[in-house]
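These are the residues of each chain, in order.
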Amino acid sequence: MSRHLFPQFSNRFHRARHAHLLLPLPVVLACSLPGLVKKAVDESRKPTIIKSADSRIQLTIPGGWSEQKKLNESAVLQAANPFQEMYVVIIEENKRDYVENATLEEYTSLVRNQMISAVKDPQATDPVSSVVSGHPALEYLLDGSVEKIKVKYICTAVETPNHFCQIVTWTLPSLFQKNEGKLREVTQSFKELKSE
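Here is what the cut-offs are and how they apply
Residues numbered from 1 in each chain as written. Predicted model: local features only at pLDDT ≥ 70, side-chain atom pairs only at ≥ 80, totals over all residues. Heavy atoms only, no water. Salt bridge = Lys/Arg side-chain N within 4 Å of Asp/Glu carboxyl O. Helix = DSSP H or I, 4+ residues; strand = E, 2+ residues; numbered from the N terminus. Buried < 20%, exposed > 50% of the residue type's maximum accessible area, 1.4 Å probe, protein only. Expected span 1.5 Å × (residues − 1). Phe/Tyr/Trp six-rings, centres within 6.5 Å; stacked < 30°, edge-to-face > 60°.

Peer 1: Sorry if this is basic, but what is going on with the pattern of salt bridges here?
Peer 2: Opposite charge on two side chains makes pairing possible when the charged atoms of those side chains draw close. Inspection of the entire model under this criterion finds 9 salt bridges. Notably, a salt bridge pairs Glu 92 with Arg 56, separated by 2.2 Å at the nearest N-O pair. Of the two residues, Glu 92 sits in strand β5 (residues 86-94) while Arg 56 sits in the loop between β1 (48-51) and β2 (57-61), which places them 36 residues apart along the sequence. The burial state of Glu 92 is the same as that of Arg 56; both residues are buried. Between Arg 56 and Glu 192 there is a salt bridge whose closest N-O contact spans 3.4 Å. Note that Arg 56 is positioned in the loop between β1 and β2 and Glu 192 in strand β11 (residues 191-192), a separation of 136 residues in sequence. On the basis of relative accessibility, which here comes to 5%, the residue Arg 56 falls in the buried class.

Here it is as structure tokens:
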């Protein structure tokens with residue numbers, strides 16, 4: 001009889017003896033879980049650098065943003081934070097495709113007219129001079145609607161040594177005041193790493 005009890009007693013004793021090793025495990029996990037969650041949240045808040053396919057152009061996008069592929073088929077770079085309704089595309093055009101001595105003002109006028117014609121009920125500001133990453137730029141705001149949704153754009157035309165670039169950011173009018181700073185931050189993060 002004692003033979004049958006001994007293994008049970010031994011197992012119970014063994015379990016009881018090592019119970020202190022098992023008890024802290026949930027406590028350790030519970031204590032480390034907030035740390036792991038915080039780390040994941042901190043990682044998601046870190047800015048990320050994205051580059052064009054030829055690695056010539058880059059943007060730094062804030063945490064919560066991700067690179068996109070389907071916002072605009074002509075874009076060399078595009079990103080979004082869809083949860084906060086913030087978007088950016090960069091369209092690049094080689095100056096060789098324009099008449100010699102085409103100016104930033106002429107390019108801006110051309111693309112501004114195209115943008116105005118692409119939205120319903122457009123209201124656009126006049127372009128104002130700016131500088132983006134050391135390059136001359138012209139910026140204007142555009143309000144309009146696309147597929148019955150109102151949109152507010154910040155459009156910036158940038159001239160680099162060999163290219164004209166459009167940096168177009170947008171959000172909903174109700175979120176513009178909240179999102180404007182981030183949209184401008186993304187625009188200002190534009191860099192041409194090498195000129196062709």
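The discussion continues.
Peer 1: I tried to follow helix α4 (residues 176-188) on my own but got confused; where do I start?
Peer 2: Because each turn of an α-helix spans 3.6 residues, side chains separated by three or four positions in sequence point in the same direction. Its 13 residues place the ends of α4 17 Å apart at the C-alpha level, agreeing with the 18 Å of an ideal helix rising 1.5 Å per residue. Every buried residue belonging to α4 is among Phe 176, Asn 179, Leu 183, Val 186 and Thr 187, and all of these are buried.

Peer 1: What's the story with the packing of aromatic side chains in this structure? I'm lost.
Peer 2: When we look at a pair of aromatic rings, we describe it by the centre distance and by the angle of the planes. Under the counting rule described, the total for this entry stands at 5 aromatic pairs. Measuring from ring centre to ring centre gives 5.8 Å for Tyr 98 and Tyr 107, while their planes differ by 85 degrees; the resulting arrangement is edge-to-face. Relative accessible area serves as the criterion here: at 21%, Tyr 98 is assigned to the partly exposed category. A network of ring pairs unites the aromatic residues Tyr 87, Tyr 153 and Trp 170 as a single cluster.

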